[in-house]
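Fold and geometry: a report
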Amino acid sequence: MQNFAFMIHPMHAGDVAKKFKFARYVPQGAIERAFAMLPSMKVSHITGVRSAHAEAEGWFIACPLTTRLIMSMPQDYVLKKIIQGGRVAEKLGAKIFGLGAFLKVVGDAGVTVAKNLNIPVTTGNSYTVATAVEATKAAAREMGHDLKKSSVVIMGATGSIGRVCAMILAGEAQNMTLVARNERKLEDLAAKILYDTGLAVKITSDSKKALRGGDVVITVTSAVDTVIEPGDIKTGAVICDVARPRDVSKQVAEVRNDVLVIEGGVVEVPGDVEFNLNFGFPPGTAYACMAETMILALEKRYESFTLGRKLTIEQVEEISALAKKHGFKLGGFRSFGKAVTDKEIQGIKLRAGSSRLIPALAE
């Protein structure tokens, strides 16, 4: 039996109530402050991860800090909480430790954590990229977009995930815009893409302008709050939101029934898996970053596979091949926590087509 552990954290104080019912009756600010004082802890035992080649079990370890606290508290304090969680994992018998959500953004993206533990650490970003690109391409096809003829936008393009997504899609797209705040990093990435693929991409820090022309969008910023609002999006667009917390406002689902927003990195886990924790997904499905840790355990690859901010296409291709070997696959399209059916996608296509037709007739 192979063993792993994966560290999670509450996105906001409301998430605490999913595990601790009494928290529903306490003001969120008080809950957030109180839980920040607790040590990192085991919150569930994961069983039934089984492929044709191996079987694994694991544990969810919780860091008690919300996203807001992780981004606002001293970095050393947050790192100590993460390392403490890693030591809990070691005592439980885990042979590899995965980092989820904003825990892999802190400091040097897991390098310091790995140096302070006796087991390897992975951020899961390699498989996150693989599934995000696969899901985006599949959703684009469903909506009738040809990548070679579409305007592709990568939000958060200079981050480790956005960067590799851009490099992979640059091999297929002919019109791409990279969006990030750091113009120098954007220029460096654009130069690398031009050298590697021959594609001259556009760069900008103006996300609103880029989104207005985007047919196919991958967004993976490190923003604490939403950055994409209903009025930002082009009719008929496909947006793959890989960020946690989400980049796309929930208002988009309420008022824009002419665009398709999907969650990136949702996969089906092989076997009769029981997570024994409600993180808002259907049974048997998980985030790709969680799945990467499981894949490495099943493969007995106990190594820091994805660590730091340098991520390569070769890593993405390798973990994707291992995922297929062990039976991991995309868990269908999901949008704002709900499954998206083929019928709903067809409805979005029809409404998008009507929206484009009305202005044309008016002319």
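Residues numbered from 1 in each chain as written. Predicted model: local features only at pLDDT ≥ 70, side-chain atom pairs only at ≥ 80, totals over all residues. Heavy atoms only, no water.

Quick look at the overall build of the protein
To keep things clear, this is the line we draw: A run of DSSP states H or I qualifies as a helix once it reaches four residues; a run of E qualifies as a strand once it reaches two. Both are numbered from the N-terminal end. C-alpha atoms define the radius of gyration, and 2.2 Å times the number of residues to the power 0.38 defines the globule rule. Residue contacts follow a heavy-atom distance rule, with two residues in contact if any of their heavy atoms lie within 4.5 Å. What sets the accessible areas is the Shrake-Rupley method with a 1.4 Å probe; for residues, cover comes only from the shown protein chains. Charge assignment in this entry is limited to Lys and Arg as positive and Asp and Glu as negative, and neither His nor the chain termini are counted. To locate a charge, take atom NZ for lysine, CZ for arginine, CG for aspartate or CD for glutamate.
Along the backbone of the protein there are 13 helices and 17 strands. Taking 21 Å as the expected radius of gyration for a compact globule of 363 residues, we find that the protein reaches 20 Å, a close match to that expectation. Overall size of the protein, expressed as C-alpha extent along the three principal axes, is 70 × 50 × 40 Å. Considering only contacts within the protein whose residues lie at least 6 apart along the sequence, 68% involve residues at least 24 apart. As presented, the protein carries roughly 16,200 Å² of accessible surface, and 52% of it is formed by carbon and sulfur atoms. Both charge centroids of the protein, one from 46 positive and one from 37 negative side chains, sit 3 Å from each other.

Brief notes about the sheet that holds strand S15 (residues 329–330)
Note the threshold: Two strands are said to pair when DSSP picks up at least two bridges between them. Comment: axis = line fitted to C-alpha atoms, over the contacting stretch for helices; angle = value between 0 and 180 degrees taken between N-to-C directions.
Judged by pairing direction, the sheet is antiparallel, and its three strands sit side by side in the order S14-S12-S15 without closing on themselves. Each edge of the open sheet carries a strand with a single partner, namely strand S14 (285–287) and S15. Note: strand S12 (residues 266–268) against S14, three bridges, orientation antiparallel. Within the sheet, the bridge partner assigned to glutamate 268 lies in S14 and is threonine 285. Lying on the sheet, helix H11 (residues 288–298) is in contact with S12 and S14; it crosses S14 at an angle near 100°.

A short note on unusual backbone geometry
Rules: Think of it in three bands: with a 1.4 Å probe and only protein chains considered, a residue is buried below 20% of the maximum accessible area for its type, exposed above 50%, and partly exposed in between.
Even without being glycine, asparagine 276 reaches a positive phi, approximately 55°. Mapped onto the fold, asparagine 276 is located in the loop between strand S13 (271–274) and S14. On the basis of relative accessible area, asparagine 276 is assigned to the partly exposed category, the value being 48%. Of note in this structure, phenylalanine 336 is not a glycine but carries a positive phi near 50°. Relative to the helices and strands, phenylalanine 336 is located in the loop between strand S16 (334–335) and strand S17 (338–339).

Observations regarding helix H7 (residues 160–169)
Each turn of an α-helix holds 3.6 residues, which means side chains three or four residues apart point in the same direction. Judged by how many residues are buried, H7 sits mostly within the fold: eight of ten residues are covered. When H7 is considered as a whole, its buried residues turn out to be Ser160, Ile161, Gly162, Val164, Cys165, Ala166, Met167 and Leu169. Next to the buried residues of H7 lie helix H6 (125–142), strand S6 (152–155), strand S7 (176–179), helix H8 (183–197), strand S9 (216–219) and helix H12 (313–326).

Points about the pairing of S7
Going by this rule: A clockwise course of the path from the first strand over the helix to the second, judged with the strands pointing away from the viewer, identifies a crossover as right-handed.
Covered by surrounding structure in S7 are Met176 and Leu178 together with Thr177 and Val179, the residues of both alternating faces. Direction of pairing for S6 relative to S7: parallel, over a ladder of four bridges. The partner of valine 152 across the bridge, within S7, is methionine 176. As a crossover connection, the stretch from S6 through H7 into S7 is right-handed. Where S7 lies against strand S8 (residues 202–204), three bridges are found, and the strand directions are parallel. Bridging from a neighbouring strand, valine 179 pairs with threonine 204 of S8.

Details of the layout of surface pockets
Defined as follows: Think of a 1 Å grid over just the protein atoms. A cavity is a set of points where a 1.4 Å probe fits yet cannot get out, a pocket is an open set with protein on both sides within 12 Å along at least five of seven lines, and lining residues have an atom within 4 Å of a point. Grid points are joined across faces, edges and corners, and a volume is the space filled by probe spheres set on the points. Ten residues, namely Ala, Val, Leu, Ile, Met, Phe, Trp, Tyr, Cys and Pro, are considered nonpolar, four, namely Asp, Glu, Lys and Arg, are considered charged, and the remaining ones, Gly among them, are considered polar.
Approximately 390 Å³ is the volume found for the second largest pocket. Residue lining of the second largest pocket: 16 residues in total, with Ala253, Ser335, Val340, Glu344 and Ile348 positioned closest to the centre. Among the elements of the structure, helix H10 (251–255), strand S11 (260–263), S17 and helix H13 (342–362) are those that each provide at least two residues to the lining of the second largest pocket. Broken down by class, the residue content of the lining of the second largest pocket amounts to nine nonpolar, two polar and five charged.

Interpretation note: all reported values are geometric properties and have no functional meaning in isolation.
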